[in-house]
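Residues per chain are reported as follows:
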Amino acid sequence: MGNDDVTGLERRAAVHAALADPARLRITDALGAGDASPSELAAMLSMPSNLLAHHLRVLEKAGLVTRRRSDGDRRRTYLRLVPGALDSLAGPGLLPARRVLFVCTANSARSHLAAALWRQASKVPAASAGTHPAEAIDPGAIAAAQRNQVPLPRLRPRRLSDVQEDGDLVVTVCDLAHEELGTAAAVHWSVPDPVAAGDPGTFDAVLTELGRRVGLLAPRLAPRLADAS
């Protein structure tokens, strides 16, 4: 057996060992759809913070979970699954949704791009909105969509209260919006603001990350018909 084979076996063994505790499986299941701060995760799982910290250390050491500092409250971090770390494991399904509503602060880049990517990946309808909408979609987002051949409707940014409907699955793609909405968002993706940097590479990287997230969530949702009258 070669060194690469041994390394691969050791890696697999470390992952299985990290997931051998039911509490750690609950954590990875909870992070399967989106990101959460440690305090949000503790509340979600009804788990004491000291016990959660222990399990997170195990998961981080195994390379399954990583952290990103919030773009909003810099004292806060968001936990996320490392991309591809659980590819061989099947996560729990989610309830059907009538529509997915992507939300960021200005509704000028990330939320529009996420909705555009979603429409390519799922039959579940998608929309976008902002907590404090800008005047127009950022030109960098339009250019990134064109470079990557993603159809992006030229919609005016809209306020969340004007767009949200009963039955929407709200996905925040902005730390500021998530921290403003709290539990009103069902799923959070901690994605950096490309408008702040403004360069094409940053917009393309954000589009790629949103596409990855969409690819993970879309198979777990199915269209839900309106309730019969």
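Heads up: the structure comes first, above all this text.
Summarised in this report is the structure supplied together with it. (Residues numbered from 1 in each chain as written. Predicted model: local features only at pLDDT ≥ 70, side-chain atom pairs only at ≥ 80, totals over all residues. Heavy atoms only, no water.)

Okay, the sheet that holds strand E4 (residues 126-130) next. What the four strands build is an open sheet, ordered E4-E3-E5-E6; its pairing is parallel. At either end of the open sheet lies a strand with only one pairing partner, and these are E4 and strand E6 (187-188). In terms of strand pairing, strand E3 (residues 99-104) meets E4 through five bridges, oriented parallel. Considered in E4, the bridge of Leu101 is made with Ala127. On the sheet, helix H5 (residues 110-121) packs against E3 and E4 and is oriented at approximately 175° with respect to E4. (Pairing = 2+ DSSP bridges. Helix = DSSP H or I, 4+ residues; strand = E, 2+ residues; numbered from the N terminus. Contact = heavy atoms within 4.5 Å. Axes fitted to C-alpha atoms, helices over the stretch in contact; angles between N-to-C directions.)

Of all the five residues making up E4, five are buried; the element is thus mostly covered by neighbouring parts of the structure. The parallel pair E3 and E4, bridged by H5, forms a crossover whose chirality is right-handed. (Buried < 20%, exposed > 50% of the residue type's maximum accessible area, 1.4 Å probe, protein only. Right-handed = clockwise from strand over helix to strand, strands pointing away.)

Turning to empty space enclosed by the protein, a few remarks are in order. Counted according to the given criterion, the structure contains one cavity of 30 Å³ or more. Taken as a whole, the largest cavity spans an internal volume of roughly 30 Å³. Lining the largest cavity are His112, Ala115, Arg119, Ser128, Leu152, Pro153 and Leu155. Residue contributions to the lining of the largest cavity peak at three residues, all from H5. Counted by class, the lining of the largest cavity contains four nonpolar, two polar and one charged residues. (1 Å grid on protein atoms, 1.4 Å probe; cavity = no way out; pocket = protein on both sides within 12 Å on 5 of 7 lines; lining within 4 Å. Points joined across faces, edges and corners; volume = space filled by probe spheres on them. Nonpolar A, V, L, I, M, F, W, Y, C, P; charged D, E, K, R; others polar.)

On to the pairing of strand E5 (residues 168-172), then. Of all five residues making up E5, five are buried, and the element is well covered by its neighbours. The alternating pattern of E5 places Asp168, Val170 and Thr172 on one face and Leu169 and Val171 on the opposite face, and all of these are buried. Bridging between E3 and E5 involves five bridges; their strand directions are parallel. For Arg99, the partnering residue across the bridge sits in E5 and is Asp168.

On to the pattern of salt bridges, then. Enumeration according to the criterion identifies 15 salt bridges in this entry. Glu60 is the salt-bridge partner of Arg67, the closest N and O atoms lying 2.9 Å from each other. Note on Glu60: relative accessible area 27%, which makes it partly exposed. Among the salt bridges present, the one from Asp193 reaches Arg110, with a minimum N-O distance of 3.8 Å. With Asp193 in the loop between E6 and helix H9 (194-197) and Arg110 in helix H5, this pair connects stretches of sequence that are 83 residues apart. Since its relative accessible area comes to 31%, Asp193 is described here as partly exposed. For Arg110, a relative accessible area of 6% puts it in the buried group. Counted as one network, the salt bridges with shared partners bring together Asp35, Arg80, Glu209, Arg212 and Arg213. (Salt bridge = Lys/Arg side-chain N within 4 Å of Asp/Glu carboxyl O.)

Moving on: the environment of Pro125. If you trace the backbone, Pro125 turns up in the loop between H5 and E4. Sequence spacing of Pro125 and Ala115 is 10 residues, and the spatial spacing of their C-alpha atoms is 8.8 Å. In contact with Pro125, other than residues within four places in its own chain, are Arg98, Arg99, Val100 and Trp118.

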